[in-house]
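What the coordinates show
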Amino acid sequence: MEVKPVVAVVTQKLADTLSEDSIADNKVMIHQLKGVQRSLLKLKSFSDQRGLCGSQNSKDHLRVLYQVEDEIEKFTFQVAGQRKRFGFLMKQTFFFNNLNSCRRLKRKIKKIQSTISSSPEDASISSVCTLSLRSLSNYDEGDNDDEDDDDDDGEDFSHGANELPRKSSSAVWPLSEIPTTPRSPKRALARSFSTIPHQQEHMQQRKKLTFSYSYKEDEMSIVGFNIQYPKQLSTFCYQEEELGVYGLSDDIKSLVRRLTHQTDMLVPIVGEEGSGKTTLARAVYKNRKVKDHFEFHDWISVTEEYTAERILSGLKKSTETVKGRRYLIVVDGVGSYGVLQDLKDKLPDKKNGSKVIFTSRRISEMKKLNPHVMNGLNEDESWKMFLNKAGKEKEADQIKVELKRKILSICNGLPQNIILMAGLLSNNRIKRWSAVIDDGQCPDDVLSICYNNLRRRSKLRLLYLALFPKDYDIPVRRLLRLWLAEGFVKRKLEDRFPEGEVQKCFEKLVGRNMIQITKLRSDNSPRRCRLVSLFHDYLLPKAQEISLFYIQRSSENFEDAAGPFGIRRMVQHTSNTGVVAHQQTQDEVRVDPSILRSYVSFNFQPRDMPERQVGMVLGRVIRSNFALLRVLDLEGVCQTTLPDKLGHLRHLRYLGLRWTFLENLPESVGDLSYLETLDVKHTRVDSLPDSIWRLKRLRHLNLNNIRLSMPPKSSSSLVTLWGLVLDEKISINKGLGKLRNLRELGIKFSLDKSQNVLFDWIVQLVNLQSLRLTSVNGMGQPSNLALKPLTSLKNLSHLNIYGQLEKLPAVDEFPPTVKVLTLSISRLDKDPMETLEKLPCLIVLRLLGESFTGTRMVCRRSGFKKLEVLKLWVLKDLEEWDVEEEAMERLKEVEIRSCQKLSNISCRILQKQRCLEELVLTDMPDEFVAGIKKRKSKYTSLTIK
């Protein structure tokens, strides 16, 4: 049982309390809380010394830790409430209410500590059990106990000593009371139409570049974007792509022949988890012969609980599109043979050579379909793969034979095991490998070895990932902010950007191959990730054992679901039938809202059930004595409303409402004094209450193109401000001018007189990494954009400009570090390539919707030294595109869309020595497409839309 990571987090929460503004200046309160901290450190030391062997010992110790955590957070809850009521008096030493609370908290922890440490082992455990929740109590803001009362015996903060405080019906409610509504399967699946290079030379070259945009619908139609909506399940992991070179060449050839020459519609790939089923399917899916043979391709990731109806609902658009065409569909993760038969009967045109590849772990059940069985790698293949992944190919002779055999035995020929073991050992010297493996405490289990070698906080961060559905694509942005909100990352007082620290924590787990990157941003930074499937199965019971979170779903037996520690984090998953968890039992699970820390929902049904569920949960929490909720994450929940009285959620750090249909925020959002993240992007919220600017701790504000009704005078801590709308009525100097720590800024503005003031402010944002500027007139149409030199922005990597430019800035006026550049509606009549080809770090260039209005574009010799992706969209007057020798030497992907007058693509692009990997043509003339087909290299993938 994982106890030590909880100790670390509880200790950090007390340290955060010590840094509170209302406490830091009060020497008496600091003195008392320092005593609490010393007591807690002794408790931590006890945890280390005892080792907590034995399940019951661990449970009792964990119960104590949760008691301490509750007391600390209830104390800070009280302080926050009194700060709101009494203001400056909070800093006065004579304000005894808080002083008494400090002393009570200190005595409580000392009592717990002494109970544990002063007794013999067996008696100690019994004493802790007796203490249990009985000695917990509720703080009362009106409590005025004598400050000199040192009697610890029978100490209780409620009116009834040594007994559980009575709970009113509003404080505890059964889960089964929550109503259910049948769920529509809409948007339940994920699809990928992306193309991955067939031949790769280096890891960075293997990574498929992907893009994200944030234009409004009308703007998107101008530049050529298609609106996309969030998907639920994972679609692609670039690490899986790499496995194709290890022992799978014969498998690939066999399956390609079967797809292109045999008549069987269903093509199963089966094997145990971690054997490389998805890797093989992906390699075949991207094979050149396969792509040319089928007219339509689709990939769907599912879980074993999916029914045929649910899969078909995700395939609805595909099945409508593929009628009369030969298609290939991959269904990754099918659970049973019956599901396959149902799919086969309902898919169209079964006799035209169409195929459905599916992967499954049900080896025996699929035998009747002549499956392709994944066998493990042999020793030579396994060792070659391990050395490559560990980066030790040049040091192979230093590895002793006994150690090599031990590693191969643990990995057992399974590619996923090899990757995990390589991630563990790659950061250690070879001399330490044996010790590292032995430290894992389970010498034959790669999962235990890798997990047990993590540091305490890393363990807790990894356990937290198990609350997401298996194989769920997690936005990295969302995960990192949740870690911070939960207190899983140690913050340094002098660090202005804790986001940097949490990013390092994330990268370490990625480096250990425990987290897979499933989607990349255009600059190759992670966009989406997921927990390795093997680890999800391994970690979920561990996380639930310590009540890290409780997953609510219909298939679960609700008896004792809350566990011995109560429900501290509630996670709502969708059941296999699409119905939210609901089951009537005699022993209904009852949830104490006063200890609930997080509420996260993954229900995406478009009916009113999520709205009622969320409203009921929040209503109960708000009516409880202590609202300790830190996270309210409803991203993707279709129907959402928030109660008017949000201010009672004083601990709330994270309010995630992205992709909901929320229409407004209550005025009380301004009372959430600890709030760090407010995300209303892709909602119907079109205005913010003025109270928003009382949130002094707010760091991430993601909006939905909202005009501010007043300047953000007090939110100087903001590092993300995205989706802001400005006009002449808003003072930039008095409001925005005070924001100097921004890293991400996205602004839409309608300014005639104040553009100079706006850019004077922007050039001072030296920490800026991403900048989007959209200039429109009063009617919302593209307008002039008076861009100033941005040379001072030396950290800027993403620059997106939407609006008419008088001229393109000179090379030395661009940020020197810009990697991704997007120009839309710039209406430049002079060839921009002459300037852009000299940008030293440029990787991605997108010239969209009338960004260039000339007829000829030339890429000169030795230009664009690092460019990998080029997109030319809706350049209506472009007729010629010439590329000189040695230009664009690293170019991998070209997409041309709706350039109707373009006559051809240079042979130096189509036939260049370093092969162009992907060419996408959308809405181009038939003659143009036919000519490209004849002239392109056989190694270039051509997609026509």
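Residues numbered from 1 in each chain as written. Predicted model: local features only at pLDDT ≥ 70, side-chain atom pairs only at ≥ 80, totals over all residues. Heavy atoms only, no water.

Bringing the overall build of the chain into the picture now. Secondary structure summary: the chain contains 29 helices and 30 strands in total. Going through the 945 residues of the chain one by one, you find that 61% of them count as buried. Partitioning the contacts of the chain with sequence separation of at least 6, the portion at a separation of at least 24 is 67%. For the chain, the accessible surface area stands at approximately 38,600 Å², while carbon and sulfur atoms represent 45% of it. (Helix = DSSP H or I, 4+ residues; strand = E, 2+ residues; numbered from the N terminus. Buried < 20%, exposed > 50% of the residue type's maximum accessible area, 1.4 Å probe, protein only. Contact = heavy atoms within 4.5 Å. Areas by Shrake-Rupley, 256 points an atom, 1.4 Å probe, with all protein chains shown as cover.)

Between its first and last C-alpha atoms helix H23 (residues 498-511) spans 20 Å; for 14 residues at 1.5 Å apiece the expected length is 20 Å, and the two agree. Looking only at H23, the buried set comprises Pro498, Glu499, Val502, Cys505, Phe506, Leu509 and Val510. Angularly, the buried residues of H23 cover 140° about the axis, an arc narrow enough to put them on a single face. Asn513 occupies a position one or two residues after H23 and carries a positive phi of about 65°. (Expected span 1.5 Å × (residues − 1). Arc of directions from axis to C-beta.)

To continue, consider the pattern of salt bridges. Throughout the structure, instances matching the rule amount to 28 salt bridges. Salt-bridge contacts for Arg477 lead to Glu635; the nearest nitrogen and oxygen are separated by 3.1 Å. Taken as a pair, Arg477 in helix H22 (residues 476-486) and Glu635 in the loop between strand E15 (631-633) and strand E16 (654-656) lie far apart in primary sequence, 158 residues in all. The exposure class assigned to Arg477 is buried, which follows from its relative accessible area of 17%. For Glu635, a relative accessible area of 7% corresponds to the buried category. With a closest N to O distance of 3.6 Å, Asp679 and Arg477 form a salt bridge. (Salt bridge = Lys/Arg side-chain N within 4 Å of Asp/Glu carboxyl O.)

Now for the nonpolar core. Trp761 and Trp881 are the most contacted members of the largest nonpolar core, which has 109 residues in total. Look past the residues within four positions of Trp881 in its chain and what remains in contact with it is Met857, Cys859, Leu870, Leu872, Met888, Val894, Ile896, Leu902, Ile905, Ser906 and Ile909. In this structure, Val436, Leu447, Leu454 and Leu531 belong to the second largest nonpolar core, which totals 87 residues. (Core = buried A, V, L, I, M, F, W, Y, C linked by side-chain atoms within 4.5 Å.)

An order of E8-E10-E9 is seen for the three strands of this open sheet, with the pairing classed as antiparallel. Sheet topology places strand E8 (474-475) and strand E9 (515-520) at the edges, where each strand pairs with a single neighbour. Here five bridges tie E9 to strand E10 (residues 526-531), and the two strands are oriented antiparallel to one another. When the sheet's bridge partners are listed, Ile515 is paired in E10 with Leu531. (Pairing = 2+ DSSP bridges.)

Counting across every chain of the model gives eight cavities of 30 Å³ or more. By volume, the second largest cavity is sized at about 70 Å³. Contributions of two or more residues to the lining of the second largest cavity are made by helix H1 (4-18) and helix H4 (55-86). When grouped by side-chain class, the residues that make up the lining of the second largest cavity number six nonpolar, no polar and two charged. (1 Å grid on protein atoms, 1.4 Å probe; cavity = no way out; pocket = protein on both sides within 12 Å on 5 of 7 lines; lining within 4 Å. Points joined across faces, edges and corners; volume = space filled by probe spheres on them. Nonpolar A, V, L, I, M, F, W, Y, C, P; charged D, E, K, R; others polar.)

A few words on a positive patch on the surface. Side chains of Arg455, Lys490, Lys492, Lys504 and Lys508 sit close together on the surface and give a patch of like positive charge. Within the secondary structure, Arg455 is located in the loop between helix H20 (446-452) and helix H21 (456-465). Residue Arg455 is classed as exposed on the basis of its relative accessible area, which comes to 70%. (Patch = residues over 30% accessible without salt bridge, like charges linked within 9 Å, V, L, I, M, F, W, Y side chains within 5 Å. Lys, Arg positive; Asp, Glu negative; His and termini not counted. Charge placed at Lys NZ, Arg CZ, Asp CG, Glu CD.)

Looking at where Phe488 falls in the secondary structure, it is placed in the loop between H22 and H23. For the pair Phe488 and Pro5, spaced 483 residues apart in sequence, the C-alpha to C-alpha distance is 9.2 Å. Beyond its immediate sequence surroundings of up to four residues, Phe488 is in contact with Val9, Arg457, Leu460, Arg461, Tyr464, Trp483, Leu548 and Arg569.

Here the focus is the packing of H21 against H22. Axis separation between H21 and H22 bottoms out at 11 Å; the angle between their running directions is 125°. Considering their axes alone, H21 and H22 lie oblique with respect to each other. Where H21 crosses over H22, the two elements pack in a sense that is right-handed. Across from Arg461, Tyr464 and Leu465 in H21, the residues of H22 making contact are Leu479, Leu482, Trp483 and Glu486. (Axes fitted to C-alpha atoms, helices over the stretch in contact; angles between N-to-C directions. Parallel < 35°, antiparallel > 145°, perpendicular 65-115°, else oblique. Left-handed = near helix turned anticlockwise from the far one by under 90°.)

This part covers the pairing of strand E29 (residues 918-922). Extensive coverage of E29 is indicated by the burial of five of its five residues. Residues Glu918, Val920 and Thr922 point to one face of E29 and Leu919 and Leu921 to the other, with burial holding for every one of them. Alignment of E29 against strand E30 (residues 941-944), held across four bridges, turns out to be parallel. By the bridge assignment for E30, Glu918 is matched with Ser941. Chirality of the crossover, the property in question, places the unit of E29, helix H29 (residues 926-935) and E30 among those that are right-handed. (Right-handed = clockwise from strand over helix to strand, strands pointing away.)

Secondary-structure assignment places Glu501 in helix H23. Residues Glu501 and Arg491 lie 10 residues apart in sequence; the distance between their C-alpha atoms is 7.9 Å.

What follows covers the packing of H22 against H23. Remark: H22 packs on H23, axes separated minimally by 10 Å, with the N-to-C direction vectors making an angle of 115°. What the angle tells us is that H22 and H23 run roughly perpendicular. In the packing of H22 onto H23, the handedness of the crossing is right-handed. Taken together, the residues of H23 that come into contact with H22 (itself represented by Val476, Leu479, Leu480, Trp483 and Leu484) are Pro498, Glu499, Val502, Gln503, Phe506 and Leu509. Of the residues contributing to the contact of H22 with H23, the split by class is nine nonpolar, one polar and one charged.

For strand E3 (residues 266-270), a buried count of five out of five residues is recorded, marking the element as mostly surrounded by other parts of the structure. Where E3 lies against strand E6 (residues 355-360), five bridges are found, and the strand directions are parallel. Opposite Val267, over in E6, you have Ile357 as the bridge partner. Where E3 and strand E7 (residues 372-373) come together, two bridges link them in parallel fashion. When the sheet's bridge partners are listed, Ile269 is paired in E7 with His372.

Quick look at the packing of aromatic side chains now. If you walk through the whole model with that rule in mind, you get nine aromatic pairs. When the centroid spacing of 5.4 Å and the interplanar angle of 65° are considered together, the rings of Tyr285 and Trp299 count as edge-to-face. Of the two residues, Tyr285 sits in helix H11 (residues 277-285) while Trp299 sits in strand E4 (residues 296-301), which places them 14 residues apart along the sequence. Here Tyr451 and Tyr538 contribute two aromatic rings whose centre-to-centre distance is 5.9 Å and whose plane-to-plane angle is 70°, an arrangement assigned as edge-to-face. On the criterion of sequence distance, the pair formed by Tyr451 in helix H20 and Tyr538 in helix H24 (residues 533-545) is long-range, its members being 87 residues apart. Each of the two residues, Tyr451 as well as Tyr538, counts as buried. Aromatic rings pair up to connect Trp383, Phe386 and Trp433 into one cluster. Note that Arg282 overlies the ring of Trp299, its terminal NZ or CZ placed 3.6 Å from the centroid. The aromatic ring of Phe497 is capped on one face by Arg743, whose charged end is 4.1 Å from the ring centroid. (Phe/Tyr/Trp six-rings, centres within 6.5 Å; stacked < 30°, edge-to-face > 60°. Lys NZ or Arg CZ within 6 Å of the ring centre and 35° of its normal.)

This next bit is on the confidence of the model for the chain. For the chain, mean pLDDT is 76; residues scoring 70 or higher make up 70% of the total. For residues 90-96, every residue scores under 50 in pLDDT, and the model assigns this stretch 18 contacts once sequence neighbours within four places are set aside. Note that pLDDT drops below 50 for residues 554-560; the model gives that stretch 16 contacts with residues more than four away or on any other chain. (pLDDT = per-residue confidence, 0-100.)

This part is about unusual backbone geometry. Here Asn370, not a glycine, exhibits a phi torsion of approximately 55°, which is positive. Mapped onto the elements of the fold, Asn370 is located in the loop between E6 and E7. Residue Ser862 is not a glycine yet carries a positive backbone phi of 65°. By the secondary structure assignment, Ser862 is in the loop between strand E25 (856-859) and strand E26 (869-873). Take Ser862: its relative accessible area is 30%, and that puts it in the partly exposed class.

Every buried residue of helix H26 (residues 755-762) is accounted for by Gln755, Leu758, Phe759, Trp761 and Ile762. In an axial view of H26, the angular spread of the buried residues amounts to 155°, which keeps them on one side of the axis. Summarising the contacts, the buried residues of H26 are in contact with strand E19 (720-727), strand E20 (744-750) and strand E21 (770-775).

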